[in-house]
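# Breakdown of the fold
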Amino acid sequence: MNKKQDALVPVFGALCFFLSAIEFVIPKPLPFLRIGLANVPLLLALDVLSFPAFLLLTVIKILGQAFISGTLFSYLILFSAAGTSGAALMMYALHKIPRKALSLAGISMAGAFVSNCIQLFIGRFFIFGEGIRYMVPPFLFIGSVTSLLLGIFCESFEAESEWYAHIRDADSPLYIQLPDDTNPVAHPQLRLITGFTLLTTLLFIPGLPAKTVIFCAGFALCLAEKQKIYWIPLCISTVGIIVCHLFIPVGKELFSIGSFSLTSGALLNGLEKAVVLQAMIFISRWTLQVRIQLPGSLGTMLDESLFIFKQLLEYKDRIRPRHLITSLDELLLGLPFIVKQPKDV
């Protein structure tokens, strides 16, 4: 990759994290259900990044989303990694087709379809079992609608954005400047050991009561650090997992309504899956306060992406939903320290 590519990857990565953070607080019935906001930077990057740079951006998006949502050490990262990779490869392959034959909206829909199919397949084995079949129609329908709207938005942004025109047409080298002060967390080794111990215990200790205790421990650790708890997404995703399990009868029948029977085994299975998932998220969120630096260019660009993401969060109130493209464009243009030309150029 050249210097321009090196600089643009963290910028698009930061946009992935920024939009992922917005999506994270939107209530949804399934923990892996996504509107797809974080795919917008991937769509915008199709015309400005080479294939190796685009693949690197995909990896950064997967890791960064896991850091932000606290799912790095949970099986939800399998959903993100598989779905994002499948969608990214499909979108990059299709973007070679002339836009007169296939619009960006069509590319977005194709990528979302591939991602959703992969995630539904994984969800069948990890969370929902046979109950996943009840979620397939609404899941694919929502994915089709949201990906169409996001594709249309990207087409408008490409056409109207001054910032996008600048980074697409710039010929001079670009670079990222990071500050030295990273505000390290105290006793990082102890935190990592504690987090991994809790996660290992959660996965291997049997029984709902024991897993509930570990969930409470992770929840308490996050509260102790005054981390923000998103109650509505927490409750809705928990209820969604439990309800999906109730359609597959297991064990003693508690009561029935018409042809539907509520069984004790189905209820316990749903509760246990929900508790394990939420415990993983809280423990991961607490553990990942430690800065985990990866080696090589990937680690450097992930660090740069997270830095830019934090700067974007400081100015998030400038975004006006009624003038989304204009305000987002102004936000990106108003952060001159993100992308700069070297003084000797």
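## Topic: the pattern of salt bridges
Counted according to the given criterion, the structure contains three salt bridges. Salt-bridge contacts for Arg99 lead to Asp47; the nearest nitrogen and oxygen are separated by 3.1 Å. Taken as a pair, Arg99 in the loop between α4 (76-94) and α5 (104-128) and Asp47 in the loop between α2 (40-45) and α3 (51-69) lie far apart in primary sequence, 52 residues in all. The class for Asp47 is partly exposed, based on a relative accessible area of 38%. The closest approach of N and O atoms between Arg99 and Glu158, which form a salt bridge, is 3.8 Å.

## Notes on the packing of aromatic side chains
A complete count under the given rule lists nine aromatic pairs for this structure. The interplanar angle of 50 degrees and the centroid separation of 5.0 Å between the aromatic rings of Phe51 and Tyr92 together place this pair among those described as tilted. Of this pair, Phe51 sits in helix α3 while Tyr92 sits in helix α4, and the two are 41 residues apart along the sequence. On the accessibility criterion, Tyr92 (9% relative accessible area) is buried. Plain terms: the ring middles of Phe157 and Tyr164 are 6.5 Å apart, the flat faces sit at 65 degrees to each other, and that makes the pair edge-to-face. Put simply, the rings of Phe215, Phe219, Trp231 and Phe282 pair up and form one aromatic cluster. Of note, Arg191 hangs over the ring of Trp286, and the distance from its end group to the ring centre comes to 4.5 Å.

## Topic: the nonpolar core
Of all hydrophobic cores here, the largest spans 50 residues; its most connected members are Phe12, Leu49, Phe157 and Trp163. For this core, the element with the most residues is helix α1 (residues 3-24), which contributes ten residues. Contacts of Phe157, omitting those with residues within four sequence positions, involve Leu44, Trp163, Tyr164, Ile325, Leu328, Asp329 and Leu332. Within the second largest apolar cluster, eleven residues are counted, among which are Phe79, Leu246, Leu262 and Ile281.

The rules we used
Residues numbered from 1 in each chain as written. Predicted model: local features only at pLDDT ≥ 70, side-chain atom pairs only at ≥ 80, totals over all residues. Heavy atoms only, no water. Salt bridge = Lys/Arg side-chain N within 4 Å of Asp/Glu carboxyl O. Helix = DSSP H or I, 4+ residues; strand = E, 2+ residues; numbered from the N terminus. Buried < 20%, exposed > 50% of the residue type's maximum accessible area, 1.4 Å probe, protein only. Phe/Tyr/Trp six-rings, centres within 6.5 Å; stacked < 30°, edge-to-face > 60°. Lys NZ or Arg CZ within 6 Å of the ring centre and 35° of its normal. Core = buried A, V, L, I, M, F, W, Y, C linked by side-chain atoms within 4.5 Å. Contact = heavy atoms within 4.5 Å.

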